[in-house]
Amino acid sequence: MGIKGWTMIFVGASFTLYLVIAWFSRVRDTRGFYVAGRGVPAAANGMATAADWMSAASFISMAGLISTMGYAGSQYLMGWTGGYVLLALLLAPYLRKFGHFTVPDFVSDRYSSNVARSVAVLCAIFISFTYVAGQMRGVGVVFSRFLEVDINIGVMIGMAIVFIYATLGGMKGITWTQVAQYWVLITAFLIPAIAISFKLTGNPVPQIGLGSELITGDGKGMGLLEKLNQINAELGFDSYTAAFGGDAMLNVFCVTLALMAGTAGLPHVIVRFYTVKNVKAARWSAFWALLFIGMLYLTAPATAAFARYYMIDSIDGKTQQELPAWFENWEKTGLILWLDDGDGKLRYSNRDDNEVFNKGGLTGPAALLGWDKIIGSQGAERKAALKLLNGQKKIRGPDKDIIVLATPEMANLYAWIIALVAAGGLAAALSTASGLLLVVSSSVAHDVYYRMINPEASEARRLLVGRGVIGIAVVIAGLFGIYPPGFVSQVVAFAFGLAAASFFPAIVLGIFNKRVGTIPAICGMLAGIGFTASYIIGQVYFDIEPWCFGIKAQGIGTIGMLLNFIVTLALTPLCPPPDERVCALVDSARRPETAEDTAPAAVDH
Amino acid sequence: MQGYWRKNVTIMVVLLAIWAFVGLGCGVLFAKTLNQFSLGGFPLGFWFAQQGSIIVFIILILVYAILLNRLDNEYSGDAGKEELAAAAESAGGAEETEE
């Protein structure tokens, strides 16, 4: 059976499983809908958090980024896992102790202000939709390559599945589906990595294989990392293991820190800690979550290095006849493209003789030509076109998103393994999309509708509104997938920067500093958001030079966060302290949990 | 309840210091120096950035969960109840800042 047949089986089977789980975990009340009845065991919540958090970006894009960036790619590994430590130590147990439904709920209660709530709601919705758009792209890539259906149909199938289990089961349905999705995605990630590690280095543990010697090819007996450094040097790329590749230390530092604080401030991850029984379970579930996430994150660097080796080894210097089948398969998607300069040999390098591209957006004179003309060009015309293309960094080399998906094919693994990776990619994208959609739903239906518009709404009505909003959100997310906004990759940086500059300081200070009142907190949030947003927008849309110490858009959230802390703390002594109710609230979070605190949480599950 | 909160904050600060040292320190700030040494087939800085830091992060959360849950048990026992009652009387007492 071919790749397509196996993919049909795996995708069909996993989708059926998600629907069955959804049917068994349907809910009848808002408590079940928003916080899964607060009855999820710690380990299960850990798995669900892991699936929720590991998106198409972690599964599909991250290893590709590390593969291309080398050392500097570590910022994603450390940023996204290090953020969990902040979350576990600074936020999760306290937020669970407060016992709200959503993050805006906490912000408005702690700062007794609906303005603060509105700012938080807007941030939550913006971050969620930004993220969902990225997931939809992942779904589209997988469907178009492996099932050879139109991207739009792929997106619609994915959306229909999410629609069913999210509206039926709310948080409860999503949680248990995510537990299943975790196992699908981790299996799909580990099996190819183990197989390739064994094939390349003779050691089945990818983490050890990464530091071992090659047992095949012309680099036999040489360390894998050493070989990669050699290849990179020959082809004009930055060293794979030297500190920061082509990047500056300050920039790597800021990006890492922004991703850490951003992770800790992401609303769809925070709400997961509202679903467990008590504070102790919240602490344990943070541990389980990072352990489960670590299984993928410790393997990704190995996958990245293996992919780098195969990518160059299997295509560089090859003629049309010698090129492997995977190259042609992926060429159909436009994510990798070979434009020969006339010598009949493929050249992939970081210099002007590079002939490998991806069909990204063109700018300047190349845009006037357009892809059709460039691909149709010959002789001197082709050479001129190549020169133009090599001037554009973004379209040079293959699209980073194909690296994880194509590596099993590069290594000639069995068809069923390749199909499993497709199912894993879908699981990663769908689990994150559903978690985010629930945040949108709870922000609108709970924070805006119930808390601000109609506080007298009945339980049944609130549930209906919650379901309705999630339905609408799914449709909007689907539209993002079908008509992808060109800015997806840039706005992801935005989502993290915003989470780091807005939620993170507000929540941390809300818990650890009793003196901070409403006005300083709101001013701090606005200062953080305003600075971060204007810096990113300026850099991405108006090509303004990174004027702040050369920090790029991705890392500016760090400065935004500092600004938020400084503004809030500087204004605090000048403004009135919070009232007694708030002080009592903060005090309650600082006491160990007693049996009375958790008693009402007992719900059948 | 001051005792409980103070111990809580101490544990947190120590663990976060390790977090910053390993993640931002070994992974980024001292990477160039550490890369001169090697561990197995890895340059040391590279290993910290792509493997070591993540392993340490997992251990930190594990230690935190164990220590804090133990602390909770300690203070929600009889000794803790008395202190809790005392704290309830003087609610909104002395202020503490952490940042």
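Residues numbered from 1 in each chain as written. Chains lettered and ligands numbered in written order. Predicted model: local features only at pLDDT ≥ 70, side-chain atom pairs only at ≥ 80, totals over all residues. Heavy atoms only, no water.

(A) Geometry of the overall build of chain B. Along the backbone of chain B there are 4 helices and 2 strands. Along the chain direction, N to C, the helices and strands of chain B fall in the order α-α-β-β-α-α. The 99 residues of chain B split such that 45% are buried. If you take every contact in chain B between residues at least 6 apart in sequence, the share linking residues at least 24 apart comes to 63%. Just so you have it, chain B exposes about 4800 Å², and 64% of that area is on carbon and sulfur atoms. (Helix = DSSP H or I, 4+ residues; strand = E, 2+ residues; numbered from the N terminus. Buried < 20%, exposed > 50% of the residue type's maximum accessible area, 1.4 Å probe, protein only. Contact = heavy atoms within 4.5 Å. Areas by Shrake-Rupley, 256 points an atom, 1.4 Å probe, with all protein chains shown as cover.)

(B) Inspection of the overall build of chain A at higher detail. Counting its secondary structure elements, chain A contains 26 helices and 2 strands. Taken over C-alpha atoms, the radius of gyration comes to 25 Å for chain A, in line with the 25 Å a tight globule of 605 residues would show. Seen through its C-alpha atoms, chain A measures out along the principal axes to roughly 80 × 55 × 45 Å. Relative to its 605 residues, chain A shows a buried fraction of 63%. Considering only intrachain contacts with a sequence separation of at least 6, the fraction spanning at least 24 residues in chain A is 80%. (Rg over C-alpha atoms; globule rule 2.2 N^0.38 Å.)

(C) Structural context of the packing of aromatic side chains. All names here are of chain A. Counting across every chain of the model gives 21 aromatic pairs over all chains. Centroid distance W53 to F496: 6.2 Å. Interplanar angle 75°. Geometry classified as edge-to-face. With W53 in helix 3 (residues 42–53) and F496 in helix 21 (residues 488–501), the pair connects residues that are 443 residues apart, well separated along the chain. We note that W53, like F496, is buried. Centroid distance F287 to W288: 5.4 Å. Interplanar angle 55°. Geometry classified as tilted. Judged by its relative accessible area of 29%, W288 falls in the partly exposed class. One aromatic cluster is present, built from ring pairs that chain together Y182, W183, W284, F287, W288 and F292. (Phe/Tyr/Trp six-rings, centres within 6.5 Å; stacked < 30°, edge-to-face > 60°.)

(D) Representation of the environment of L438 of chain A. Residue and element names in this part refer to chain A. With respect to the helices and strands, L438 occurs in helix 19 (residues 415–453). For L438, a relative accessible area of 4% corresponds to the buried category. Taking the C-alpha atoms as reference points, L438 and I125, 313 residues apart in sequence, are found 10 Å from one another.

(E) How the structure looks around the side chain of R308 of chain A. By the secondary structure assignment, R308 of chain A is in helix 14 (residues 300–315). Discounting residues that sit within four places of it in the chain, R308 of chain A has contacts with S67, T68, L228, N232, F237, Y240 and Y348 of chain A.

(F) Looking closely at the interface of chain A and chain B. Taken residue by residue, the interface counts 56 residues in chain A and 52 residues in chain B. Considering only the side of chain A, the residues that lose the most area to chain B are L89, R283 and P592 of chain A, jointly responsible for 14% of the buried surface there. For the pair chain A and chain B, the number of links is 1 salt bridge. Here R283 of chain A ties to D72 of chain B by a salt bridge, and the two come within 3.2 Å at their closest N and O atoms. Here chain A is connected to chain B by 7 residue pairs in polar contact (both at pLDDT 80 or more). (Buried area = accessible area lost by both parts, 1.4 Å probe. Salt bridge = Lys/Arg side-chain N within 4 Å of Asp/Glu carboxyl O. Polar contact = N/O pair within 3.5 Å; in protein donor to acceptor, adjacent residues only side chain to side chain.)

(G) Molecular detail of the pattern of salt bridges. A complete count under the given rule lists 4 salt bridges over all chains for this structure. Here D587 of chain A makes a salt bridge to K514 of chain A, at a shortest N to O gap of 2.8 Å. Placement of the pair is D587 of chain A in helix 25 (residues 580–589) and K514 of chain A in the loop between helix 22 (503–512) and helix 23 (518–541), with a sequence separation of 73 residues. Each member of the pair D587 of chain A and K514 of chain A is classed as buried. Residue E74 of chain B is joined to K7 of chain B by a salt bridge in which the shortest nitrogen-to-oxygen separation is 3.9 Å. Taken together, the positions of E74 of chain B in helix 3 (residues 44–76) and K7 of chain B in helix 1 (residues 2–29) put the pair 67 residues apart, joining distant regions of the chain. A relative accessible area of 38% places K7 of chain B in the partly exposed class.

(H) Looking closely at the nonpolar core. In terms of nonpolar packing, the biggest core is built from 220 residues, with W53, F59, Y84, L91, Y297, W330 and F504 of chain A touching the most fellow members. L339, L386, L389 and I395 of chain A belong to the second largest nonpolar core, which has 9 residues in total. (Core = buried A, V, L, I, M, F, W, Y, C linked by side-chain atoms within 4.5 Å.)

(I) A look at the environment of V121 of chain A. Residue and element names in this part refer to chain A. Considering the arrangement of structural elements, one finds V121 in helix 7 (residues 114–147). Relative accessible area serves as the criterion here: at 5%, V121 is assigned to the buried category. Along the primary structure V121 and R31 are separated by 90 residues, whereas in three dimensions their C-alpha atoms are 19 Å apart. Once you skip the residues sitting within four places of it in the chain, V121 turns out to touch P104, S443, D447 and V448.

(J) Spatial organisation of a nonpolar patch on the surface. Together, M249 of chain A together with F21, L29 and F30 of chain B make up a nonpolar patch on the protein surface, roughly 360 Å² of accessible area in all. Residue placement: M249 of chain A occurs in helix 11 (residues 249–265). (Patch = residues over 30% accessible without salt bridge, like charges linked within 9 Å, V, L, I, M, F, W, Y side chains within 5 Å.)

(K) Seen up close, helix 3 of chain A. Relative to the 16 Å expected for 12 residues at 1.5 Å per residue, helix 3 of chain A spans 16 Å between its end C-alpha atoms, a close match to the ideal helical length. A42, A44, N45, G46, M47, A48, T49, A50, A51, D52 and W53 of chain A are the residues of helix 3 of chain A that are buried. (Expected span 1.5 Å × (residues − 1).)

(L) Focus on the confidence of the model for chain B. Residue and element names in this part refer to chain B. Confidence in the prediction for chain B averages 75 pLDDT; 76% of positions are at 70 or higher. Considering each helix and strand of chain B separately, the mean pLDDT is smallest for helix 4 (residues 78–89), with a value of 53, and largest for helix 3, with 86. With pLDDT under 50 throughout, residues 90–99 is counted as low confidence; its partners more than four residues away or in other chains account for 25 contacts. In the predicted complex, the global pTM is 0.83; the interface-specific ipTM is 0.84. (pLDDT = per-residue confidence, 0-100.)

(M) Layout of the side chain of S128 of chain A. Residue and element names in this part refer to chain A. Within the secondary structure layout, S128 lies in helix 7. Polar contacts involving the side chain of S128 include one to the main-chain carbonyl oxygen of A124, which spans 2.7 Å. Contacts of S128, omitting those with residues within four sequence positions, involve L436, V439 and V440.

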